[in-house]
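So you can see what is in the structure, the chains are spelled out below.
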Amino acid sequence: MKKQEKGKVRRMNRQEILKHVDHTQLKPTAAWKDIVALCDDAILYQTASVCVPPAYVKRIRDTYDDELTICTVIGFPLGYHATPVKVQETLQAIADGADEIDMVININDVKNRLYDKVEEEIRQVKAACASRILKVIIETCYLDEEEKIAMCHAVTAAGADYIKTSTGFGTDGAKIEDIRLLKQHIGPDVKIKAAGGISTVEEMEAFLAEGCDRIGTSRAVGLLKEQE
């Protein structure tokens, strides 16, 4: 990105933003017509992916073939599934046609300071992903600074591709100050995904300017349509 004046965020064009967006529909009430609308918009506006419930992955792949990148969620939204369950969920999602996996860590383990256990779980899910992208949701709203830093180390050591702020189902979503903290402590090969509560074009621009590679939101396409 070009250099910008301190305190100012460079305005980005629509496609610059959308190529970083995981176009998301994870509501428990989402019907197939909602998923179709999501996928059609993702293809038209060339978003990075669609992020959908696991139950829809196979139907999307059968319907759209390779027209879009499919991301799905594992251990969602609370994260306290047993590790073998998360591994099996991941294998099933990939068999159904998922390209990317967003897994939720076991927050109970973090609160018990079982950081090595969390790291091992991430490592096992990453092994199940093989060459596919793994994003690890740490649900920042529930963690203190020490725990966030520990999760940066766990995600890095386990070989995951992204650290992700939030599920969107917690008590709060992505915050700029968390992005700055994560950047300081993740390894050089780990990228950042901001998600949860991102509801304006300006917020998307701000998170991308801070160094996020992906934005998880259901609102991006609609907001940018309005902007047109």
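What counts, and where the lines are drawn
Residues numbered from 1 in each chain as written. Predicted model: local features only at pLDDT ≥ 70, side-chain atom pairs only at ≥ 80, totals over all residues. Heavy atoms only, no water. pLDDT = per-residue confidence, 0-100. Contact = heavy atoms within 4.5 Å. Salt bridge = Lys/Arg side-chain N within 4 Å of Asp/Glu carboxyl O. Helix = DSSP H or I, 4+ residues; strand = E, 2+ residues; numbered from the N terminus. Buried < 20%, exposed > 50% of the residue type's maximum accessible area, 1.4 Å probe, protein only. Polar contact = N/O pair within 3.5 Å; in protein donor to acceptor, adjacent residues only side chain to side chain. Expected span 1.5 Å × (residues − 1).

(A) A look at the confidence of the model for the protein. With 95% of its residues at a pLDDT of 70 or more, the protein has an overall mean of 94. Ignoring residues within four places in sequence, the model shows residues 1–5, a span with pLDDT below 50, making eight contacts including any to other chains.

(B) Structural context of the pattern of salt bridges. Taken as a whole and judged by the stated rule, the model has 26 salt bridges. Between Asp-22 and Arg-214 there is a salt bridge, with its nearest N and O atoms 2.7 Å apart. Here Asp-22, found in strand S1 (residues 21–24), pairs with Arg-214, found in strand S8 (residues 214–217); they are 192 residues apart in sequence, far enough to count as distant. In this structure, Asp-22 and Arg-214 share a single accessibility class: buried. Residue Arg-61 is joined to Asp-99 by a salt bridge in which the shortest nitrogen-to-oxygen separation is 2.6 Å. Of the two residues, Arg-61 sits in helix H3 (residues 57–64) while Asp-99 sits in the loop between helix H4 (83–96) and strand S4 (100–104), which places them 38 residues apart along the sequence. Here Arg-61 falls in the buried class, since its relative accessible area comes to 13%.

(C) Spatial organisation of the side chain of Glu-121. Mapped onto the elements of the fold, Glu-121 is located in helix H6 (residues 115–129). A distance of 2.7 Å separates a polar atom in the side chain of Glu-121 from a polar atom in the side chain of Lys-86. Not counting residues within four places of it along the chain, the set of residues in contact with Glu-121 comprises His-81, Ala-82, Thr-83, Lys-86, Met-103, Val-104, Ile-105 and Asn-106.

(D) Examining helix H7 (residues 145–158) more closely. The end-to-end C-alpha distance of H7 is 20 Å, a good match for the 20 Å that 14 residues give at a rise of 1.5 Å each. Every buried residue belonging to H7 is among Glu-147, Lys-148, Ile-149, Ala-150, Met-151, Cys-152, Ala-154, Val-155 and Ala-158, and all of these are buried. Buried residues along H7 sit against helix H5 (107–111), H6, strand S5 (133–137), strand S6 (162–164) and helix H8 (176–185). Where H7 begins, the capping side chain belongs to Asp-144, and its oxygen is found 3.2 Å from the backbone nitrogen of Glu-146. Just beyond H7, the residue with positive phi is Gly-159, at close to 85°.

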